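Summary of structural features
Single-letter residue listing:
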Amino acid sequence: MKLHEHQAKEIFTKFGIPVPEGGVAFSTEEAVKVARDLGDYPLVVKAQIHCGGRGKAGGVKLVKTEEELKEAVEGMLGKVLKTFQCPEGKRVSRVWIERATDISGEFYLSITLDRSRSKPVIMGSSAGGMEIEEIVKENPDAIIIEEIDPALGLMPYQARKMALRLGLPVKEFTQIALALYRIYSELDASLVEINPLVLDRNGKLVALDAKLDIDDNALFRHRDIQEMEDETQIPPLEAEAKKYGLNYIKLNGNIGCMVNGAGLAMATMDIIKLAGGEPANFLDVGGGANVEQIANAFRILMADEDVRAVFINIFGGILRCDRLAQGLVEAGRMVELKVPVVVRMEGTNVEEGKRILAESGMNFINAEDMWDGARKAVELAKGG
């Protein structure tokens, strides 16, 4: 689950990380009130969307008067902001207004899980304010990385060492880095990032931006954070899938995929590409899906206008093949089958599952194996 910048900054403040004073607004009138409460100009207006690259897309504006403030806010609220990270765009429903900071230097700081090391890492760079992916590509040595032992947590000496390498005030930086790790650990975050972490003209460190992603699987421990979720930032089909405990991610292809298990989902998308097609989604119904979940998953696939064929690839273990077949038949009665559906199933009760589909009277296309299913789905999606 992603948080907005203003929500992340609220949490940063609770953990003692300095951020610019500011306020959130959902209308021009609220923005004017926030600005008057803050007092002196200049101020910075920031569009709140779950996407990076806002500054280059016009989502961050420096304003020096109330008229400029109104113009900036009206130019953002209700508009779709397209960035290089989100070319399809996200609608802006709120803005964050904060005091402008007199910047002396910009830095990057984050904590995330490095899966190749099976450990959290803290990363710092003197190239703050830029896309970290581009920095790594152009100059990998510009990133300082420290492994964190999960049994010990981030140690003060590691933060001090990074501060010295970055040329930052050691005491202040160490306090911020340790607070950042507390957020990462205590809130079950998958990513906590400050980009940029700035050194102001007074020599003080300030988190000018804030990014915080929370592990969805841990949200039951953080109901207060779960209530912060802005569903307007989630694609409609993903939001619908979430209601039924389904893992769904929209992609750019035209072959809908339904599988049980993330590993099988990745393999299915790979084999579709190998067969010359493009997956339209990642949809994992999970190992213990019931008939209702399967029916809703199928309905969500059919609601995607880009889908030209569906490939259902199930290995029946906990999710028995007969249960899958019952769900598909039930979904077929609820939703018009507008595109061909290829089904490959193996495992528990596979013969019973095939019998249920065969006797349903619906046009499900049987596949002998994964490769056969992928080829058929690709051919059908192309109009074959």
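Here helix H9 (residues 262-274) is 13 residues long and its end C-alpha atoms lie 18 Å apart, about the 18 Å a rise of 1.5 Å per residue gives. Those residues of H9 that fall on the buried side of the exposure criterion are Leu264, Ala265, Thr268, Met269, Ile271 and Ile272. All buried residues of H9 project into a common sector of 165 degrees when viewed along the axis, lining one side. Exposed and facing more than 90 degrees away from the buried side of H9 are Gly263, Asp270 and Leu274. Contacts from the buried residues of H9 go to strand S14 (255-259), strand S15 (281-284), strand S16 (309-316) and helix H13 (370-381). Following H9 by one or two positions, Gly276 adopts a phi angle in the positive range, close to 100 degrees.

Moving on, we get to the environment of Glu21. Within the element layout of this structure, Glu21 appears in the loop between helix H1 (5-14) and strand S1 (22-25). Residues within four places of Glu21 in sequence aside, it is in contact with Leu38, Ile97, Glu98 and Arg99.

Turning our attention to the packing of helix H11 (residues 321-334) against helix H12 (residues 350-358). Look at H11 against H12: their axes get within 7 Å of each other, and the N-to-C directions meet at 15 degrees. Between H11 and H12, the interaxial angle falls into the category roughly parallel. As for the relative orientation of H11 and H12, their crossing is right-handed in sense. Counted together, Cys321, Asp322, Ala325, Gln326, Leu328 and Val329 of H11 and Val350, Glu352, Gly353, Ile356 and Leu357 of H12 form the full contact between these two elements. Considering only residue class, the contact of H11 with H12 consists of seven nonpolar, two polar and two charged.

With that settled, the discussion passes to the side chain of Glu98. Assignment of secondary structure puts Glu98 in strand S6 (residues 95-99). Taking relative accessible area as the criterion, Glu98 reaches 1% and is therefore assigned buried. If sequence neighbours within four positions are ignored, Glu98 has contacts with Glu5, Lys9, Pro20, Glu21, Gly22, Leu38, Leu43, Val44, Lys46 and Leu208.

The rules behind each value
Here the residue numbering is sequential within each chain, running from 1 through the sequence in written order. Where local features are concerned, this predicted model is filtered to residues with pLDDT of at least 70; where side-chain atom pairs are given and counted, the filter is 80 or more; whole-chain, interface and lining totals use all residues. Side-chain metrics in this entry use all non-hydrogen atoms of the structure; hydrogen atoms and water are not considered. We count a stretch as a helix when DSSP gives it H or I for four or more residues in a row; a strand needs E for two or more, and each element gets its number in order from the N terminus. One less than the residue count of a helix, multiplied by 1.5 Å, gives the span that helix is expected to have. Classification of residues uses two cut-offs on accessible area relative to the type maximum, computed with a 1.4 Å probe and protein chains only: under 20% is buried, over 50% is exposed, and between them is partly exposed. The arc in question is the one spanned by the directions pointing from the helix axis to the C-beta atoms. Here a residue-residue contact requires only that any non-hydrogen atoms of the pair lie within 4.5 Å. Every axis corresponds to a line fitted to the C-alpha atoms, with the helix fit spanning only the stretch in contact, and the corresponding angles, defined between N-to-C directions, vary from 0 to 180 degrees. Geometric relationships in this document are graded by angle, where less than 35 degrees denotes roughly parallel, more than 145 denotes roughly antiparallel, 65 to 115 denotes roughly perpendicular, and other angles denote oblique. Put simply, a crossing is left-handed when the front helix is turned counterclockwise from the back one by less than a right angle, and right-handed when it is turned clockwise. Throughout, the ten residues Ala, Val, Leu, Ile, Met, Phe, Trp, Tyr, Cys and Pro are labelled nonpolar, Asp, Glu, Lys and Arg are labelled charged, and all others, Gly among them, are labelled polar.

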